[in-house]
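A look at the structure
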Amino acid sequence: MRSLLKFFFLTYAVSWALWIGVAILSGGTLSPPRGLSIFGDFLLLIGVFAPGLVALALTARGEGHAGITALLCRMVQFPAQARWYIFAVCYFAVIKLTVALLHRIAIGDWPAFGQTPWFIMLGAIIVSTPVQAGEEIGWRGYALPRLAKRIGLARASIVLGVAWGCWHLPFFLIPGSDNSGQSFPVYVLAVTAISVAMAWLYWRTNGSLFLTMLLHAAVNNTRDILPSTVSVASNSFSLRASLVAWFTAALLWLCAIYFLVRMRGVTLQPAKTT
């Protein structure tokens, strides 16, 4: 338990210190001026990579070279079944397209779709998947198995989801971010449901970090198929969010309930990918 507490404390401390530091240097924004742009972007990136860096440091201290090797090997663990790759790439896109249909049925009009072509999204997913190692080594590689051993995979996926979502809080409070001023509670609600799906995928693929990295990249790069932000937002702690955001969170949780039922009683013993 101490290793988990250290992981969460150090991850939050490093990330938040760097992000808040960039905001202070940039005059209260996460958009550094030209003279600080490269340095500021570097600090922001290190903050994003903090979960993985902290996990590697704690693993090196507690398990040595063998532990580091075992953790990193899961990044290149490629399941043979194509369905897992299809799920990782398409899961959130299908959620978004279903939300568009629900919006059409409920309101009578289609919501505003994003303008990014599908092939650009696909290319961005491919390019950004390795970058997600900076987070996934920490969240799913280090924290999830240890939490699951103590409280079971289903509950661990929820606890980790809340911690993962709350880690993003500075991006909602500091200007210069896409999430600035948007509803933080609704965001955490959706991210927790995504965490459940990622835990299920991790379990079903025998601990493949590559698949969670791929799913993470797909979520980041397909979210604007159907933008969910509101144009005028100032209170990040309110529940004021777009109908698209609420529909997305609700649909993610409908899927999450299914995954939670399937993971009931599992303590992260590797599952056979049949």
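All values reported here derive from a predicted model rather than from experimental measurement. (Residues numbered from 1 in each chain as written. Predicted model: local features only at pLDDT ≥ 70, side-chain atom pairs only at ≥ 80, totals over all residues. Heavy atoms only, no water.)

1. Focus: the overall build of the protein
What the protein contains, in helices and strands, is 10 helices and 0 strands. Going from the N terminus to the C terminus, the protein shows its helices and strands as α-α-α-α-α-α-α-α-α-α. Computed over C-alpha atoms, the radius of gyration of the protein comes to 19 Å, within 12% of the 19 Å expected from 2.2 N^0.38 for 274 residues, which places it in the range of a compact globule. Looking at the protein residue by residue over its 274 residues, the buried ones come to 50%. Contacts in the protein between residues at least 24 apart in sequence constitute 79% of all its contacts with a sequence separation of at least 6. In the form shown here, the protein has an accessible surface area of approximately 13,200 Å², with 69% of it arising from carbon and sulfur atoms. Taking the 19 positively charged and 7 negatively charged side chains of the protein as two groups, their mean positions are separated by 15 Å. (Helix = DSSP H or I, 4+ residues; strand = E, 2+ residues; numbered from the N terminus. Rg over C-alpha atoms; globule rule 2.2 N^0.38 Å. Buried < 20%, exposed > 50% of the residue type's maximum accessible area, 1.4 Å probe, protein only. Contact = heavy atoms within 4.5 Å. Areas by Shrake-Rupley, 256 points an atom, 1.4 Å probe, with all protein chains shown as cover. Lys, Arg positive; Asp, Glu negative; His and termini not counted. Charge placed at Lys NZ, Arg CZ, Asp CG, Glu CD.)

2. A few points about the pattern of salt bridges
Applying the stated criterion across every chain yields a total of 2 salt bridges. Two residues, Arg146 and Glu63, come together in a salt bridge whose shortest N-O distance is 2.8 Å. Residue Arg146 is located in helix 5 (residues 133–151), and its partner Glu63 is located in helix 2 (residues 37–73); the two are separated by 83 residues in the primary sequence. Overall, Arg146 belongs to the partly exposed group, its relative accessible area being 23%. Between Arg140 and Glu136 there is a salt bridge whose closest N-O contact spans 2.8 Å. (Salt bridge = Lys/Arg side-chain N within 4 Å of Asp/Glu carboxyl O.)

3. Notes on the side chain of Arg140
Following the sequence through the fold, Arg140 ends up in helix 5. The exposure class of Arg140 is buried, given its relative accessible area of 0%. Reaching out from Arg140, the side chain makes a polar contact with the side chain of Glu136 at a distance of 2.8 Å. (Polar contact = N/O pair within 3.5 Å; in protein donor to acceptor, adjacent residues only side chain to side chain.)

4. A closer look at helix 9 (residues 209–222)
The end-to-end C-alpha distance of helix 9 is 20 Å, a good match for the 20 Å that 14 residues give at a rise of 1.5 Å each. Of all 14 residues in helix 9, 12 are buried, a share of seventy percent or more. Three or more residues of helix 9 are buried, namely Leu209, Phe210, Leu211, Thr212, Met213, Leu214, Leu215, His216, Ala217, Ala218, Val219 and Thr222. In this fold, the buried residues of helix 9 make contact with helix 2, helix 3 (82–107), helix 4 (118–128), helix 5, helix 6 (153–167) and helix 8 (184–204). (Expected span 1.5 Å × (residues − 1).)

5. What to know about the layout of surface pockets
For the largest pocket, the calculated volume is near 1,200 Å³. Together, 44 residues line the largest pocket, and His168, Asn179, Tyr187, Asn220 and Arg223 are the ones closest to its centre. Elements that contribute at least two residues to the lining of the largest pocket include exactly helix 2, helix 3, helix 6, helix 7 (170–173), helix 8, helix 9 and helix 10 (243–263). When residues in the lining of the largest pocket are grouped by element, the largest group, 6 residues, is from helix 8. Residue classes in the lining of the largest pocket are distributed as 25 nonpolar, 13 polar and 6 charged. (1 Å grid on protein atoms, 1.4 Å probe; cavity = no way out; pocket = protein on both sides within 12 Å on 5 of 7 lines; lining within 4 Å. Points joined across faces, edges and corners; volume = space filled by probe spheres on them. Nonpolar A, V, L, I, M, F, W, Y, C, P; charged D, E, K, R; others polar.)

6. Let's talk about helix 6
Helix length check: helix 6, at 15 residues, gives a terminal C-alpha distance of 20 Å against a target of 21 Å (1.5 Å per residue), a fit within 8%. Buried residues of helix 6: Leu153, Ala154, Ala156, Ser157, Leu160, Gly161, Ala163, Trp164, Gly165 and Trp167, and no others.

7. Concerning the confidence of the model for the protein
Scored by pLDDT, the protein has a mean of 91; 96% of the residues are at 70 or more. The low-confidence segment residues 270–274, where pLDDT is below 50, has 14 contacts with residues more than four positions distant or belonging to other chains. (pLDDT = per-residue confidence, 0-100.)

8. Section: unusual backbone geometry
In this model, Asn206 sits at a positive phi of 60°, which is unusual for a non-glycine residue. Note that Asn206 resides in the loop between helix 8 and helix 9. Residue Asn206 is classed as partly exposed on the basis of its relative accessible area of 33%.

9. Concerning the nonpolar core
Counting residues in each nonpolar core, the largest one holds 74 residues, and the members touching the most others are Phe7, Phe8, Leu153 and Met263. Looking at this core, the elements with two or more residues in it are helix 1 (2–25), helix 2, helix 3, helix 5, helix 6, helix 8, helix 9 and helix 10. Ranked by residues supplied to this core, first place goes to helix 8 with 12 residues. Those residues in contact with Met263 that sit more than four places away from it in its chain are Leu153, Ala154, Ser157, Val196, Ala199, Trp200 and Trp203. (Core = buried A, V, L, I, M, F, W, Y, C linked by side-chain atoms within 4.5 Å.)

10. Details of the side chain of Thr212
Relative to the helices and strands, Thr212 resides in helix 9. Exposure remark for Thr212: the relative accessible area of 1% places this residue in the buried category. Within the structure, Thr212 has its side chain in polar contact with the side chain of Glu136 (distance 3.2 Å). In this view, Thr212 contacts Glu136, Arg140, Met198, Leu201 and Tyr202; residues no more than four positions away in its chain are not counted.

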